[in-house]
Amino acid sequence: MKTRITIISLILLVNLGCSDEQLDVNSFVDDQSITTLNGQWKVFSFENYTNNIREFKTQTNSNGFDIIINFDESKSPKELFGRNTTNTMEGEFEYIGVRKIRISSYISTRVAQPAWADQFDGAISDGEVTFKINAANLRIYYSNNTKSVTLKRE
């Protein structure tokens, strides 16, 4: 009986832990009534649509630190700033179309930076990026829309 429960538990664990759901660049719910990136956002995950991978924060990839970015449209030019795990970042951005921004400058210290922060640097410094947004989430698409970073509103 004990063996049967163990086997059933393992089968359930495998079935619930794995998903056949494919990552879809169009699956994010975009709220067209929200027209600003203003506010503070924390990185939740990175998506790679080519390899069908979604990566979440771990102790290994982030050293336990978060990535927090603020978009401030009250300044001219518009600013972005925050903390990229162990380092600070800042830059400027502008809207260049519907759901599209250009990061016109981006600088970040990179001292002892973990892989999670390197991924974010690559995403945000991609130049022109598209995005989708809703009340709780922001998704920035980069690398010709083959990758994205998902952020949660703080």
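All values reported here derive from a predicted model rather than from experimental measurement.

**Some details on the side chain of S108**
Here comes step 1: Inspection of the secondary structure puts S108 in strand β6 (residues 100-108).
Here comes step 2: Using a relative accessible area of 14% as the deciding quantity, one classes S108 as buried.
Here comes step 3: A distance of 3.1 Å separates a polar atom in the side chain of S108 from the backbone oxygen of T88.
Here comes step 4: For S108, the contacting residues outside a window of four places in its chain are N84, N87, T88, M89, Q113 and D121.

**Quick notes on the confidence of the model for the protein chain**
Here comes step 1: Taken over all residues, the pLDDT of the protein chain has a mean of 87, while the share at 70 or more is 85%.
Here comes step 2: Taken element by element, the predicted model of the protein chain shows its lowest mean pLDDT in helix α1 (residues 2-17) (40) and its highest in strand β3 (residues 67-72) (98).
Here comes step 3: Contacts of residues 4-20 to residues separated by more than four positions or lying in other chains number 0 contacts, the stretch itself having pLDDT below 50.

**Concerning the pairing of strand β8 (residues 137-142)**
Here comes step 1: Within β8, 6 of the 6 residues are buried, which leaves the element mostly enclosed by the surrounding structure.
Here comes step 2: In β8, alternate side chains face the same way, and those of N137, R139 and Y141 on one face and L138, I140 and Y142 on the other are all buried.
Here comes step 3: As paired strands, strand β7 (residues 128-133) and β8 are joined by 4 bridges and run antiparallel to one another. Bridge pairing in β8 links F131 to I140.
Here comes step 4: From the end of β7 to the start of β8, which pair antiparallel, there are 3 residues.
Here comes step 5: Adjacent in sequence and paired antiparallel, β8 and strand β9 (residues 147-153) are bridged by 4 residues, among which S143 carries a positive phi angle near 55°.

**Description of the pattern of salt bridges**
Here comes step 1: Evaluated as defined, the whole model comprises 11 salt bridges.
Here comes step 2: With its nearest N and O atoms 3.9 Å apart, the salt bridge here joins K42 to D66. Linking K42 in strand β1 (residues 39-48) with D66 in the loop between α2 (59-62) and β3, this pair joins segments that are 24 residues apart in sequence.
Here comes step 3: Under the relative-accessibility criterion, K42 is labelled partly exposed at 26%.
Here comes step 4: Salt-bridge contacts for K75 lead to D72; the nearest nitrogen and oxygen are separated by 3.7 Å.
Here comes step 5: Residues joined in a network through salt bridges with shared partners are E94, K100, R102 and E128.

**What about the nonpolar core?**
Here comes step 1: With 26 residues, the main nonpolar core has I69, F71, F120, L138, I140 and L151 as its most contacted residues.
Here comes step 2: Every element with two or more residues in this core is listed here: β1, β3, β5 (87-97), β6, α3 (115-124), β7, β8 and β9.
Here comes step 3: It is α3 that contributes the most residues to this core, 4 residues altogether.
Here comes step 4: For F71, the residues in contact, after removing those within four places along its chain, are L37, N38, G39, W41, E79, L80, F93, L138 and I140.

Reading the values: rules and limits
Residues numbered from 1 in each chain as written. Predicted model: local features only at pLDDT ≥ 70, side-chain atom pairs only at ≥ 80, totals over all residues. Heavy atoms only, no water. Helix = DSSP H or I, 4+ residues; strand = E, 2+ residues; numbered from the N terminus. Buried < 20%, exposed > 50% of the residue type's maximum accessible area, 1.4 Å probe, protein only. Polar contact = N/O pair within 3.5 Å; in protein donor to acceptor, adjacent residues only side chain to side chain. Contact = heavy atoms within 4.5 Å. pLDDT = per-residue confidence, 0-100. Pairing = 2+ DSSP bridges. Salt bridge = Lys/Arg side-chain N within 4 Å of Asp/Glu carboxyl O. Core = buried A, V, L, I, M, F, W, Y, C linked by side-chain atoms within 4.5 Å.

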